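Survey of secondary and tertiary structure
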Amino acid sequence: MLLQSYTLDVINNHCMPAAQSVNCIARLDQDVGCAIPYLNAVIEGDQFTPDPPSVTFKTEGRLISVTERTITVNAVEDEAQGRKIIDWIKREINEAWEDRENIKPRYAKAERPQVVEVLKRLPKTNCKKCGAPTCMVFATWVVQGAKDETQCPELKEEDKRKLHDYLAQFATDG
Ligand code: SF4
């Protein structure tokens, strides 16, 4: 089995007290990067990045991202529901990897910026200085085009440039 275990972090969205108000990040004990192109083929991910490998997709209104060492799920009711979804993704990863000889890996590149890629370039302190309850929410706003790298006051100049360069790949002319 490729992915055997993980540690779960639960982040409360205090500014979104409605029923779906928790984000979950599973920190994976094994590297699943090799399985991501196969998972992308099976689940028909919305966004794929080849290097480093990551895939993002939506199911039942939730955004789910898988990278080499993390599975992130937003807008779940509580830890139990987040764990259930992450266990389902874990099974999908392992089944895609075990069946890889019968699956054509999908390497289609992302056409839009990915939440997980933006989040990776943020300080991840959840300080709220940008007006977002968490860095993940801010990353979602950046992907939607509502915010940009200049609006996180905690970003150092070098990291600001890195995020700018990442977003510039997706800029359209005119
Ligand atoms: S200001 Fe930056 S570090 Fe603070 S929560 Fe917003 S995105 Fe995260």
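Residues numbered from 1 in each chain as written. Predicted model: local features only at pLDDT ≥ 70, side-chain atom pairs only at ≥ 80, totals over all residues. Heavy atoms only, no water.

1. Digging into the layout of surface pockets
Empty space within the second largest pocket amounts to approximately 320 Å³. As for the second largest pocket, its lining consists of 18 residues, and the residues nearest its centre are I25, R27, T70, L119 and K124. Looking at the lining of the second largest pocket, the elements that each hand over two or more residues are β2 (22–28), β6 (70–76), α3 (115–120) and α4 (135–144). Tallying contributions element by element places α3 first for the lining of the second largest pocket, with 3 residues. Taken together, the residues of the lining of the second largest pocket break down into 8 nonpolar, 5 polar and 5 charged. Residues lining the lining of the second largest pocket come from more than one domain, with at least three contributed by each of domain 1 (6–102) and domain 2 (115–168). (1 Å grid on protein atoms, 1.4 Å probe; cavity = no way out; pocket = protein on both sides within 12 Å on 5 of 7 lines; lining within 4 Å. Points joined across faces, edges and corners; volume = space filled by probe spheres on them. Helix = DSSP H or I, 4+ residues; strand = E, 2+ residues; numbered from the N terminus. Nonpolar A, V, L, I, M, F, W, Y, C, P; charged D, E, K, R; others polar. Domains from an automatic or database assignment.)

2. Side note on helix α5 (residues 157–168)
Taking 1.5 Å of rise per residue, 12 residues should cover 16 Å, and α5 covers 16 Å from first to last C-alpha, within 8% of that figure. Of the positions making up α5, those classed as buried are L163, Y166 and L167. All buried residues of α5 lie within an arc of 95° about the axis, which places them on one face of the element. Packing partners of the buried residues in α5 comprise α3 and α4. (Expected span 1.5 Å × (residues − 1). Buried < 20%, exposed > 50% of the residue type's maximum accessible area, 1.4 Å probe, protein only. Arc of directions from axis to C-beta. Contact = heavy atoms within 4.5 Å.)

3. Some details on the sheet that holds strand β1 (residues 6–12)
Strand order in this open sheet of 6 strands is β1-β2-β6-β5-β4-β3, and the pairing throughout is antiparallel. Pairing within the sheet leaves two strands with one partner each, and these edge strands are β1 and β3 (47–50). Neighbour to neighbour, the strand axes of the sheet diverge by 15° on average, direction disregarded. Across 6 bridges, strand β4 (residues 53–59) lies against strand β5 (residues 62–67) in antiparallel orientation. Among the inter-strand pairings, T56 is bridged to a residue of β5, identified as S65. Strand contacts of helix α1 (residues 36–43): β3, β4 and β5, with the helix running at about 25° to β4, the strand carrying the most contacts. (Pairing = 2+ DSSP bridges. Axes fitted to C-alpha atoms, helices over the stretch in contact; angles between N-to-C directions.)

4. A short note on the side chain of Q30
Here Q30 shows up in the loop between β2 and α1. At a separation of 3.1 Å, a polar atom in the side chain of Q30 contacts the main-chain amide nitrogen of S5. If we ignore the near neighbours within four places in the chain, the residues touching Q30 are L2, L3, Q4, S5, E68 and R69. (Polar contact = N/O pair within 3.5 Å; in protein donor to acceptor, adjacent residues only side chain to side chain.)

5. Section: a negative patch on the surface
On the surface, a cluster of negative charge is contributed by E95, E98, D99 and E101. Tracing the backbone shows E98 in helix α2 (residues 79–98). (Patch = residues over 30% accessible without salt bridge, like charges linked within 9 Å, V, L, I, M, F, W, Y side chains within 5 Å. Areas by Shrake-Rupley, 256 points an atom, 1.4 Å probe, with all protein chains shown as cover. Salt bridge = Lys/Arg side-chain N within 4 Å of Asp/Glu carboxyl O. Lys, Arg positive; Asp, Glu negative; His and termini not counted. Charge placed at Lys NZ, Arg CZ, Asp CG, Glu CD.)

6. Observations regarding the pattern of salt bridges
Any two side chains of opposite charge can pair, so long as their charged atoms come close to each other. Applying the stated criterion to the full structure yields 8 salt bridges. Notably, a salt bridge pairs R83 with E79, separated by 3.2 Å at the nearest N-O pair. With a gap of 4 residues between them, R83 and E79 both fall in helix α2, about one helical turn apart. Each of the salt bridges in this network shares a partner with another, and the network as a whole consists of E117, K120 and R121.

7. Here we look at the packing of α1 against α2
Across the interface, α1 lies against α2 with an axial gap of 9 Å and an inter-helix angle of 105°. As judged from the angle between their axes, α1 and α2 are roughly perpendicular. Contacts from Y38, L39 and V42 of α1 reach α2 at E92, I93, A96 and W97. Considering only residue class, the contact of α1 with α2 consists of 6 nonpolar, no polar and 1 charged. (Parallel < 35°, antiparallel > 145°, perpendicular 65-115°, else oblique.)

8. Description of the side chain of S54
Tracing the backbone through its elements, the reader meets S54 in strand β4. Discounting chain neighbours no more than four positions away, the residues touching S54 are I36, Q47, F48, T49, V66, T67, Q114, V116 and E117.

Everything listed here is a matter of geometry and, on its own, says nothing about what the molecule does.
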